[in-house]
Amino acid sequence: MGLCTALFAIHCLLFTSCTKEGDTIYKPTPGEEQPATTPLVTVIYGPNSLGDRSYCDLIYKGVEAAAKQYGVRTLQLAPESEEQGLAYLETMFSQMENTTDTVRRLFITPSPVYDAYIRKNNKRLEKNPYADLLYMETTTPLEGKGSTFYIDYYGAMYMGGCMAHYGVSDLLTVLLANPYTQTVREAGEGFIAGYNDSRHWNDQYPVQLHVRYLSDEPVGGFTMADTTAMRIYQEEKHYFSEEEDNNVTFVPICGGAMHAIFRALHTNSLLYDYDCYVGIDGDMCYDNESCLFSVVKHIDKVMVDYIGLWLKESMPKHQTLGLADGATGTIREGYQYAGANGYEYFKKRVDLDSLRQVAIRKEVERYEK
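Residues numbered from 1 in each chain as written. Predicted model: local features only at pLDDT ≥ 70, side-chain atom pairs only at ≥ 80, totals over all residues. Heavy atoms only, no water.

Caption draft 1: A look at helix α7 (residues 226-237). Its 12 residues give α7 an end-to-end C-alpha distance of 16 Å, which sits within 8% of 16 Å, the value for a rise of 1.5 Å per residue. When α7 is considered as a whole, its buried residues turn out to be A229, I232, Y233, E236 and K237. Across the axial projection of α7, the buried residues extend over an arc of 140 degrees, all falling on one side. Where the residues of α7 are buried, they touch β6 (170-176), β7 (207-213), β8 (248-253) and α8 (258-267). (Helix = DSSP H or I, 4+ residues; strand = E, 2+ residues; numbered from the N terminus. Expected span 1.5 Å × (residues − 1). Buried < 20%, exposed > 50% of the residue type's maximum accessible area, 1.4 Å probe, protein only. Arc of directions from axis to C-beta. Contact = heavy atoms within 4.5 Å.)

Caption draft 2: Broad picture of the layout of surface pockets. Volume-wise, the largest pocket comes out at about 1,000 Å³. Taken together, 42 residues form the lining of the largest pocket, with S111, P112, T181, V219 and F222 sitting closest to its centre. Looking at the lining of the largest pocket, the elements that each hand over two or more residues are α2 (55-70), α6 (182-197), β8 and β9 (276-281). Among the elements that make up the lining of the largest pocket, the one with the highest residue count is α6 (four residues). (1 Å grid on protein atoms, 1.4 Å probe; cavity = no way out; pocket = protein on both sides within 12 Å on 5 of 7 lines; lining within 4 Å. Points joined across faces, edges and corners; volume = space filled by probe spheres on them.)

Caption draft 3: Here's a closer look at the packing of aromatic side chains. Per the counting criterion, the structure on display carries five aromatic pairs. Relative to F240, the ring of Y239 has its centre 5.3 Å away and its plane inclined at 70 degrees; by these criteria the two rings are edge-to-face. Given the relative accessible area of 34%, Y239 is considered partly exposed. Each ring, one from F262 and one from Y277, has its centre 3.9 Å from the other, and the planes form 20 degrees; the classification is stacked. On the criterion of sequence distance, the pair formed by F262 in helix α8 and Y277 in strand β9 is long-range, its members being 15 residues apart. (Phe/Tyr/Trp six-rings, centres within 6.5 Å; stacked < 30°, edge-to-face > 60°.)

Caption draft 4: Expanded view of the nonpolar core. Grouped together as the largest cluster of nonpolar side chains are 57 residues, with contacts concentrated most on M157, L172, F250, V251, I253, I280 and L355. The dominant element in this core, judged by the number of residues it contributes, is helix α5 (residues 154-163), at seven residues. In contact with I253, other than residues within four places in its own chain, are M157, V174, L175, L176, A177, V184, A187, G188 and I280. V41, C56, V63 and W310 belong to the second largest nonpolar core, which has 27 residues in total. (Core = buried A, V, L, I, M, F, W, Y, C linked by side-chain atoms within 4.5 Å.)

Caption draft 5: A look at the sheet that holds strand β11 (residues 318-321). What the six strands build is an open sheet, ordered β2-β1-β3-β4-β5-β11; its pairing is parallel. Of all strands in the sheet, those bounded by a partner on one side alone are β2 (73-77) and β11. Strand-to-strand twist across the sheet, computed as the mean angle between neighbouring axes with direction ignored, equals 15 degrees. Bridging between strand β3 (residues 105-109) and strand β4 (residues 131-136) involves five bridges; their strand directions are parallel. Bridging from a neighbouring strand, T109 pairs with Y135 of β4. Against the sheet, α2 engages β1 (40-44), β2 and β4, with an angle of about 165 degrees to β2. Together, β1, β3, β4, β5 (147-151) and β11 form the strand contacts of helix α9 (residues 299-311), whose direction differs from that of β5 by roughly 160 degrees. (Pairing = 2+ DSSP bridges. Axes fitted to C-alpha atoms, helices over the stretch in contact; angles between N-to-C directions.)

Caption draft 6: Representation of the confidence of the model for the protein. A residue-level look at the protein finds 82% of positions with pLDDT of 70 or above and a mean pLDDT of 85. The least confident element of the protein, judged by mean pLDDT, is helix α1 (residues 2-12) at 41; the most confident is α9 at 98. (pLDDT = per-residue confidence, 0-100.)

Caption draft 7: Region of the structure containing the side chain of T148. Note that T148 resides in strand β5. A relative accessible area of 0% places T148 in the buried class. Within polar-contact distance, the side chain of T148 engages the side chain of H318 at 2.6 Å. Beyond its immediate stretch of four places on either side in the chain, T148 contacts L134, Y135, T138, T140, P141, L142, Y306, K317, H318 and Q319. (Polar contact = N/O pair within 3.5 Å; in protein donor to acceptor, adjacent residues only side chain to side chain.)

Dropping the structure here:
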């Protein structure tokens, strides 16, 4: 991480300085490499969140795609702790309120762990007309400088809850990181609502729903040891009875912790052929053996769009995006099991386009409330 810190400082340094009288006190020598003036996009992730192979990795992918499309520079910082992330933010605010160059810079953070700090310090950027801030996944706009947006996952997860009655047997386990993180809570509520509203669709194969939280801490539950995942897996296998193995389908709304669950499931795949999961955030239907379908967030596309808006100086102050905007998109069908309990049966019973319109209406109604 020392290299990232050094690079961050280098990008923000003042390469030419003047006294109050206008005398130049530093001037590059002929032939010396000049400081870059290309717009710079810096992302400061939450602690240990990059590498989750879902939401944060999609952000990384989107920022790099924007760099290729628009010709901007990028710097993506992955702190190992909250303290380190706050140190990056403080360095950024301190340097931006004192910088006198005209390089355009956009700072992006997708983590709620920095919420209090950002809201206390964002006005410091008002001293620099060339520095902008994009704080993601909050429903509360910033007072002062900075843009915000929120991706409403409710509608897409509602669709997922409806679809979960097909290709699933015995037990459907929804794993939520914690009960406090808004994006997690609302995604879980959407999935459960869709499940409850469509229980009558598949009365031939009733499915039991079990909801459990991985942490009771406000920002906990997004990482998990493999031993913990294996314990949870075994507990769900015997949720009804110690003497009987359930066929379990996991819905892991818990960030990078989901991959520990996937590993536990795959470790036992030779013993239990019908245990599976619903992919969350990214398209995970490449896993033909275990993934029934994926509920996706197109955050990579959203990042490309927002960086384009920033370059045009037209980022909205606040925006909420959802299923109707294509920010969560449609659910990618990936049912792998044939027969009456599989996707072919589902397609005969349910019009996906009509279901999507119902889910959009549910999302709008909930947001308006």
